[in-house]
Amino acid sequence: MPDQPDPLFAGVDALLAAVQSGQVLPVPEERVRLRRAAGLTEAAVAQALRTRPASVQAWEEGRSEPSGAKREAYRRLLEGLAQRFPGEAEGEAAAEKVPAPVPVPAPPARSESRGSRPAPVPLSDEQAERRFANGPLLVLDGDGTAYGIGGLVLDCPARTLPALVDWTLTQAQIGSPRLHRSGRDGDPLVVLTAAAAESLGLPLELADRRGLRLPDNHPVIKQLTKAKWQLTKRGFGPWARIYRPAEGGRRHCVQLAVLPWEALDTRAWNDAATLPPPELAQVLGEYATRVITPRGSTAVSGLELMSALRPPTRAVRGEDGVWQSGPVPGSLAVAVDPAPPEAPDEHPVAVGRAEGEVLDEEAYEWIRDPELLTDAECELPWAVGVDVNMAFAAAANRLNVGLGAPVHVHQPAFDKTLPGSWFVDLSHVSFDPRLPNPFTPDGEQPQGPAWYATPTVAYAVELGYSVRPLEGWLRPEHGPYLDPWYQRLRDAYLATMAELGVTSAMTPAEFLAAMEQHKQRDPGRAAVLSAIKATVKGGIGKLRERPQGARHRPGERWPALERPTWRPDIRAAVISAARINMHRKMLALATKADLYPVAVLSDCAVYPSPGPSPLDVLPYDPATGKPLPGGFRLGVSPGMVKHEGTQTFLWAAQLLDQAHNPARHIKGTDAAAGGE
């Protein structure tokens, strides 16, 4: 009988071979430690490995093991994290050289005074991961199937809206962790397809097309009322919030998005609403993970992101030992009225305002006088448009804005570090007429004193001109409020662009080639990209939300005025900075390369060109390959430019003759150029 290997030794040999080949995974406790050390959630790991958060949770608890390609990818992730975050074994030698710390006695227990209450305790990272194990949102189909990110599929037994809300809050395990320690966790979002809406008793079209809300006597609303659920003042519309009052610091709120009611605007989300539910869940999930879980339009989401990153209040202990609400440093803590020149016409402080006493900080819309076209320019065959990436976001970066109420000052000395509005005469600052004037949206020369935001006046000083403000509405309390907002949106934008094949490492030629097809590579991610851009533009616009509805009368207050983020002065400062950034680059091209635009619209400039590509018009140093310092630079980063479109120069000249703006149509469509 031939010798047979001892089963015990065979098992040992197999184990040694597995260890040598790197197939053995760390113990479950170590898997958890490595993920937490890196600041990763179960959902983030699941998304990277294209699995469910519940699977990652099972691996970390030792209840199951990954197999095949997922096992190899998971092992690779853990090995990489182990190198960056070594455990106690690697640190023992160093620890032996350090004296043992002297234990610090715990402070004596303190009796709470009558009426005091403990500070609210936020969820720990581990608790948040468990509570939101299935990600930020679900897309519900008509057969009761709920789709989440990373291929997650759940069975939803709910057949009525109250049952759906209960299931979402008690079993679905969806939501998102807070973005700031003093903020609040993101409420779960359930997206209803047309089939799901119909199965829950909702109409496929709202009869109230003006108010966009379900009638208060609709059976579904009666169901919610009977179950003691409430709706916000907006009622039940495309984005409905269903809640009960918070108990013990715990919110009970579900956000619904009703697709057949056009919850996803095609101007922001492209055709995302027509995607199959699993793909739509991935699109919305990527936006929620990188930006914020949608709570309404992208404009609403942009504003909500500001508050989520810089919450207005936090828990502080008063002198009497009682926990109370206090402001967060650097945030907008309370609603303040604008200065009279900063307010829109409908605002109460604008009543009786003299004509012309208005802060007019808007984006460019300028065309050159056709008579100022030179012979050399008219001989060029092409008109090429370049567009600034994320122009408003780039302008918000490191922008100093007011945090509190304005103070009225007569004849103040100009201070570029002080946000506010300045009444000053800039009509003495002149430019080549082939350039737009930087101080007015239409590019025309100012005719006398006018109100300007700080970035506009600072630019006149930068150019060497003296300024003597006659008066000002200034904000002594100030700071870079929008910095975290810019950084999160920048990172989301760059990550999405990289997935679409466009990176910052590309040469200008490679960048232009990649941009020609990036939207076709993945329509879903192209929708995410469009939504990120719309979040920037809409969020800035929402800072000066006008009254809604025909019932409003000038001089009456409207609900938006009561929120801390209703700040038209901050909107004006961002737009001012964006317009000045445009002019600074156009001026550099004019003075250093004798290049002048024929039209500008917001963040798009059109130049005469010998060729159809931006490389034919934007000057580059042939020796170094670098662009002209201070001018437009091709690239993916916010503040750099992309190709907006090309037409014949004859086409552009004819539009100028008709007083139309070529920058609006350079793409070859009727859509306005320069959108964020």
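That block above? That's the structure.
In short, a report on the structure. (Residues numbered from 1 in each chain as written. Predicted model: local features only at pLDDT ≥ 70, side-chain atom pairs only at ≥ 80, totals over all residues. Heavy atoms only, no water.)

### Thoughts on the nonpolar core
Put simply, the test is: To define a nonpolar core, start from buried Ala, Val, Leu, Ile, Met, Phe, Trp, Tyr and Cys residues and group those joined through side-chain atoms within 4.5 Å. Throughout this description, buried means an accessible area under 20% of the type-specific maximum (1.4 Å probe, protein chains only), exposed means over 50%, and partly exposed covers the range between. Only DSSP runs of H or I with at least four residues qualify as helices, and only runs of E with at least two residues qualify as strands; both kinds are numbered from the N terminus onward. Only heavy atoms enter the contact rule, under which two residues are in contact if any of them lie within 4.5 Å.
Membership of the largest hydrophobic core comes to 101 residues, with the highest contact counts inside it found for Trp-269, Leu-280, Trp-485, Ile-532, Met-586 and Phe-632. Of all the elements, helix H21 (residues 568-593) adds the most residues to this core, at 12 residues. In this structure Phe-632 touches Val-386, Val-388, Met-582, Lys-585, Met-586, Leu-589, Ala-605, Tyr-607, Leu-618, Pro-627 and Val-641, once residues within four positions along its chain are discounted. Membership of the second largest hydrophobic core comes to 32 residues, among which are Leu-161, Ala-197, Val-220 and Ile-221.

### What about unusual backbone geometry?
One can expect most non-glycine residues to show negative phi and most peptide bonds to be in trans. The backbone of Met-390 sits at a positive phi, close to 45°, despite the residue not being glycine. Of note, Met-390 is situated in the loop between strand S11 (382-388) and helix H15 (391-396). You can call Met-390 buried: its relative accessible area is 2%. Phi at Gln-411 is positive, roughly 45°, even though this residue is not glycine. Mapping Gln-411 onto the fold places it in the loop between strand S13 (407-410) and strand S14 (420-425).

### Quick look at the sheet that holds strand S18 (residues 599-601)
This is how the line gets drawn: Only strands joined by at least two bridges in the DSSP assignment are considered to pair. A fitted line through C-alpha atoms represents every axis, and for helices the fit uses only the stretch in contact; the resulting angles, taken between N-to-C directions, go from 0 to 180 degrees.
If you walk across this open sheet you meet the five strands as S10-S18-S19-S11-S20, and the pairing is antiparallel. Taken across any chain shown, the strands that pair with only one partner, and hence form the sheet edges, are strand S10 (365-367) and strand S20 (641-648). Between one strand and the next, the sheet's axes are offset by a mean angle of 20°, whatever the strand orientation. Strand direction decides the pairing type here: S11 and S20, joined by seven bridges, are antiparallel. Bridged to Ala-383 within S20 is Gln-647.

### Points about empty space enclosed by the protein
Rules: Cavities and pockets are found on a 1 Å grid laid over the protein atoms alone: a cavity is a set of points where a 1.4 Å probe fits but cannot escape, a pocket is an open set with protein on both sides within 12 Å along at least five of seven lines, and a lining residue has an atom within 4 Å of such a point. Grid points are joined across faces, edges and corners, and a volume is the space filled by probe spheres set on the points. Ten residues, namely Ala, Val, Leu, Ile, Met, Phe, Trp, Tyr, Cys and Pro, are considered nonpolar, four, namely Asp, Glu, Lys and Arg, are considered charged, and the remaining ones, Gly among them, are considered polar.
Overall, the coordinates contain four cavities of 30 Å³ or more when judged by the stated rule. The space that makes up the largest cavity amounts to roughly 90 Å³. Forming the walls of the largest cavity are 15 residues, and the residues nearest its centre are Pro-419, Gly-420, Ala-453, Asp-569 and Ala-573. Taken together, the elements giving at least two residues each to the lining of the largest cavity come down to strand S12 (401-402), S14, helix H16 (454-462) and H21. Top contributing element to the lining of the largest cavity by residue count: H21, with three residues. Tallied by class, the residues present in the lining of the largest cavity amount to seven nonpolar, five polar and three charged. By volume, the second largest cavity amounts to about 60 Å³. Ala-363, Tyr-364, Ala-391, Phe-392, Ile-575, Ala-578, Arg-579, Met-582, Ser-602 and Asp-603 together form the lining of the second largest cavity. Put simply, the parts of the chain that give the lining of the second largest cavity at least two residues each are H15 and H21. Top element by residues in the lining of the second largest cavity is H21. It accounts for four residues. Its residues assigned to classes, the lining of the second largest cavity comprises seven nonpolar, one polar and two charged.

### Regarding the pairing of strand S9 (residues 323-327)
Successive side chains on a regular strand alternate, one facing one side of the sheet and the next facing the other. As defined by bridge partners, strand S8 (residues 313-317) adjoins S9 across five bridges and the pair is classed as antiparallel. Its bridge partner being in S9, Thr-313 is matched across the sheet by Pro-327. Counting the residues that bridge the hairpin from S8 to S9 gives five residues, and of these Gly-321 lies at a positive phi of roughly 85°.

### With respect to the layout of surface pockets
There is about 610 Å³ of room inside the second largest pocket. As for the second largest pocket, its lining consists of 23 residues, of which Asn-397, Leu-399, Ala-577, Asn-581 and Arg-584 are closest to the centre. Among the secondary structure elements, those contributing two or more residues to the lining of the second largest pocket are H15, H16 and H21. At six residues, H16 tops the list of elements feeding residues into the lining of the second largest pocket. Looking at the lining of the second largest pocket residue by residue, the class counts come to 13 nonpolar, six polar and four charged.

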